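If you want the building blocks of each chain, they are given just below.
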Amino acid sequence: MTKKIGVLTGGGDCPGLNAVIRAVVKTAMIKYGYEVVGFRDGYRGLVLDDYLEFKPGDVSGILDKGGTILGTSNRDNPFKFKVEENGNTVYKDMSDRVIENVKKHEIDCMVLIGGDGTLTSARDFSNKGLNVVGVPKTIDNDLSATDTTFGFMTAVETATDAIDKLHSTAESHHRVMILEVMGRYAGWIALEAGIAGGADVILIPEIPYDINKVAQKVIERKNQGKSFSIVVVAEGAKSLDGEMIVSKVVKDSPDPIRLGGIGNAVAERIEKLTGIETRVTVLGHLQRGGRPVPFDRILSTRYGVAAVEMVHEGKYGRMVSLQGNHITSVPLEAAVGKLKTVAPEGELVKIAKSIGLSFGD
Ligand code: F6P
């Protein structure tokens, strides 16, 4: 029996989305002879019925491309969708419209590729009776029901490369260099790039820092003849007595808080406490762009193929997941709502501390 699959990418983009789309379309068409419909710009396309019918050639040459050929949005919640009515902005539940559109196209199952926000809506659609399969993506690696999300390794590579480059200029000028990285409420990018890049201090949301201890580390290094220091700060890091620094509130987003700005705050205080010139680099969206590293291309391909296999078997309401080196699936209900954060006593933090890195605690 032939089936029709719908696919969309939601939330912030990340390297590897195109590799998933490619794997879904190729497996569906080549292995099973299924049809695939793509919806543009995340749930927006599903609400507004903005779609394209995939032909096999449409996914050629996209494996190594960052971003998503379908477009995405991290503002459009189909259960609270922004509409203009009589000159006023109102938020409406458009989930019934989504279900009508899926029925109209005679789609058997929607493959929904996204992070916590997209997958929460996927869970809600599943509860409303829609056949869905979730695919976890995010550079933040903060989804609890999978060991790794694609996009994360590419972001770590970009951040590590930045640390490598900051090292030489820090050393030449005898400066403290701060690198602010993304990650929302989880410190994975800062932690892994910090270890890979040989940072001296890593500040993450899971371990509140004491700025005096950070300054102490910088001074200690100076006294040992190391006239520069590299500090990696996760955007969600907070001091013992402080709050996370919010750069923006995006009202119509399912998660309206945008973090950012902690790098400057930390730099100012380090410079004051140590007297050493301190500079800040905010890596920002560079972490979300560019070519996915091979690990992410392979993981995305595995996820895409697995998603179509689940559609084939009629295993709906679940999310594909990497556990160990094995691709499996978990119920969407278990996949959302709980973030995977860095364990302050976990192995990676311990090994970092063993080699002298400071977390400011
Ligand atoms: O979730 C991915 C992410 O890049 C976070 O690390 C960051 O906090 C956020 O998205 C930035 O979102 P925006 O693209 O809306 O600025």
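Owing to the predicted nature of the structure, the values given are computational and were not obtained by experimental measurement. (Residues numbered from 1 in each chain as written. Predicted model: local features only at pLDDT ≥ 70, side-chain atom pairs only at ≥ 80, totals over all residues. Heavy atoms only, no water.)

**Considerations on helix α3 (residues 95-104)**
The criterion, for reference: To sort residues, take the accessible area from a 1.4 Å probe on protein chains only and compare it with the maximum for the residue type: under 20% means buried, over 50% means exposed, and anything in between is partly exposed. Only DSSP runs of H or I reaching four residues or more are called helices, and only runs of E reaching two or more are called strands; each is numbered from the N terminus. Relevant arc is that of directions from the helix axis to the C-beta atoms, nothing else. Should any heavy atoms of two residues lie within 4.5 Å, those residues are considered in contact.
Buried within α3 are the following residues: Ser95, Val98, Ile99, Asn101 and Val102. Across the axial projection of α3, the buried residues extend over an arc of 160°, all falling on one side. Facing away from the buried side of α3 by more than 90 degrees, the exposed set consists of Glu100, Lys103 and Lys104. For α3, the secondary structure elements touched by its buried residues are α2 (43-48), β6 (109-114) and α4 (116-127). Phi for Glu106, located one or two positions after α3, is positive at around 55°.

**A closer look at the nonpolar core**
Short version of the rule: For our purposes a nonpolar core is just a set of buried Ala, Val, Leu, Ile, Met, Phe, Trp, Tyr and Cys residues, chained together by side-chain atoms within 4.5 Å. The domain limits used here are those given by an automatic or database domain assignment.
One finds Phe54, Val111, Ile113, Val135 and Phe150 to be the most contacted residues of the largest nonpolar core, which totals 65 residues. Here this core takes eight residues from helix α5 (residues 152-173), the largest share from any one element. In this structure, this core is formed jointly by two domains, domain 1 (4-150 + 292-335) and domain 2 (154-289), each of which donates at least three residues. Core analysis: the next-biggest nonpolar cluster, separate from the first, contains 27 residues, Val83, Ile99, Val330 and Ala335 among them.

**Describing the site of the ligand**
This is how the line gets drawn: Here a residue is near a molecule or strand as soon as one of its heavy atoms is found within 4 Å of it. Definition of a polar contact: a pair of N or O atoms within 3.5 Å, with one able to donate and the other able to accept a hydrogen when the atoms are protein atoms, and with sequence-neighbouring residues admitted only if both atoms are side-chain atoms. In this description, accessible areas are obtained by the Shrake-Rupley approach with a 1.4 Å probe, and a residue is regarded as covered only by the protein chains that are shown. By the convention adopted, Pro, Cys, Tyr, Trp, Phe, Met, Ile, Leu, Val and Ala count as nonpolar, Lys, Arg, Asp and Glu as charged, and the other residues, Gly among them, as polar.
Around the ligand sit Asn74, Ile139, Asp140, Met182, Gly183, Arg184, Glu235, Arg258, His285 and Arg288, and those are all the residues in its vicinity. Between the ligand and His285 there is a distance of 3.0 Å, counted from an oxygen atom to a side-chain nitrogen or oxygen. Protein contact buries 81% of the 400 Å² of open area that the ligand shows by itself. The residue inventory of the shell around the ligand, partitioned by class, reads two nonpolar, three polar and five charged. Of the domains in this structure, domain 1 (4-150 + 292-335) and domain 2 (154-289) are the two that each give at least three residues to the shell around the ligand.

**Considering the pattern of salt bridges**
Let me state the cut-off plainly: The salt bridge definition used is simple: a Lys or Arg side-chain nitrogen within 4 Å of an Asp or Glu carboxyl oxygen.
Enumeration according to the criterion identifies 19 salt bridges in this entry. Between Lys31 and Glu309 there is a salt bridge, and its shortest N-O distance comes to 2.6 Å. One end of the pair, Lys31, is in helix α1 (residues 17-31); the other, Glu309, is in helix α9 (residues 294-313), and 278 residues separate them in sequence. Where Arg184 meets Asp140, a salt bridge forms, and the shortest distance between an N and an O atom there is 3.6 Å. Taken as a pair, Arg184 in the loop between β8 (176-181) and α6 (188-197) and Asp140 in the loop between β7 (132-136) and α5 lie far apart in primary sequence, 44 residues in all. When its relative accessible area of 23% is taken as the criterion, Arg184 is described as partly exposed. A single salt-bridge network, built from bridges that share partners, covers Asp140, Asp142, Arg184 and Asp255.

**Re the environment of Arg184**
In this structure the C-alpha to C-alpha distance between Arg184 and Lys3, which are 181 residues apart in sequence, comes to 38 Å. Contact partners of Arg184, with chain neighbours within four places excluded, come to Asp116, Asp140, Asp142, Pro205, Glu235, Gly236, Asp255, Leu259 and Leu339.

**Remarks on the sheet that holds strand β9 (residues 201-203)**
Paired through backbone hydrogen bonds, the strands of a sheet run either parallel or antiparallel to each other. Condition: If DSSP finds at least two bridges between two strands, the strands pair. Here the axes come from fitting lines to C-alpha atoms, over the contacting stretch only for helices, and the angles between their N-to-C directions go from 0 to 180 degrees.
Pairing is parallel across the open sheet formed by four strands, whose spatial order is β9-β10-β8-β13. Only two strands of the sheet have a single neighbouring strand rather than two, namely β9 and β13 (278-282). On average, each strand axis in the sheet is tilted by 20° relative to the strand beside it, whichever way the strands run. Across five bridges, the pairing between β8 and β13 is parallel. Opposite Ile178, over in β13, you have Val280 as the bridge partner.

**Observations concerning the packing of α5 against α6**
Under the convention used in this document: Orientation labels follow simple angle bins: below 35 degrees gives roughly parallel, above 145 gives roughly antiparallel, 65 to 115 gives roughly perpendicular, and whatever is left gives oblique. Left-handed describes a crossing in which the near helix is turned anticlockwise from the far one by less than a right angle; the clockwise case is right-handed.
At a minimum axis distance of 8 Å, the contact between α5 and α6 shows a crossing angle of 50°. Compared by their axis directions, α5 and α6 come out oblique. The element α5 and its partner α6 pack so that their crossing is right-handed. For the pair formed by α5 and α6, the contact residues are Phe152, Met153, Ala155, Val156, Ala159, Thr160, Ile163, Asp164 and His167 on the first element and Trp188, Ile189, Glu192, Ala193, Gly194, Ala196 and Gly197 on the second. For the contact of α5 with α6, the residue count by class is 10 nonpolar, four polar and two charged.

**Comments concerning the domain arrangement of the chain**
Accessible area lost upon the coming together of the parts serves often as the stated size of an interface. The test is simple: The term buried area refers to how much accessible surface (probe radius 1.4 Å) is lost by two components on association, counted for both of them together.
The domain boundaries assigned to the chain delineate domain 1 (4-150 + 292-335) and domain 2 (154-289). The C-alpha centroid of domain 2 is placed 33 Å from the C-alpha centroid of domain 1. Across the contact, 17 residues belong to domain 1 and 17 residues belong to domain 2. Carbon and sulfur atoms make up 50% of the area that domain 1 and domain 2 hide from each other, which totals about 1,600 Å². Its largest share of buried area at the contact with domain 2, domain 1 owes to Arg75, Ile139 and Asp140, together 36% of the area lost on that side. Inspection of the region where domain 1 meets domain 2 yields six residue pairs in polar contact (both at pLDDT 80 or more).

**Observations concerning the packing of aromatic side chains**
As a reminder, the rule being used: Each Phe, Tyr or Trp ring, with Trp reduced to its six-membered ring, pairs with another whose centre is within 6.5 Å; inter-plane angles below 30 degrees give stacked pairs, above 60 give edge-to-face pairs, and intermediate values give tilted ones. We call a charge positioned above a ring when the Lys NZ or Arg CZ atom is no farther than 6 Å from the ring centre and deviates by at most 35 degrees from the ring normal.
Using the criterion set out here, one finds five aromatic pairs in the structure. Residues Phe79 and Phe125 carry aromatic rings whose centres are separated by 4.8 Å and whose planes lie at 40° to one another, so their mutual orientation is tilted. Highlighted residues: Phe79 in the loop between β3 (51-53) and β4 (81-85) and Phe125 in helix α4, separated in sequence by 46 residues. Through a chain of ring-to-ring contacts, the aromatic side chains of Tyr43, Phe79 and Phe125 assemble into a single cluster. Just above the ring of Phe228 sits the side chain of Arg221; from NZ or CZ to the centre is 5.1 Å.

**A word on the environment of Gly261**
Along the polypeptide, Gly261 turns up in the loop between β12 (257-259) and α8 (262-274). Taking the C-alpha atoms as reference points, Gly261 and Gly284, 23 residues apart in sequence, are found 11 Å from one another. Among all residues touching Gly261, those that are not within four sequence positions of it are Glu180 and Ile245.

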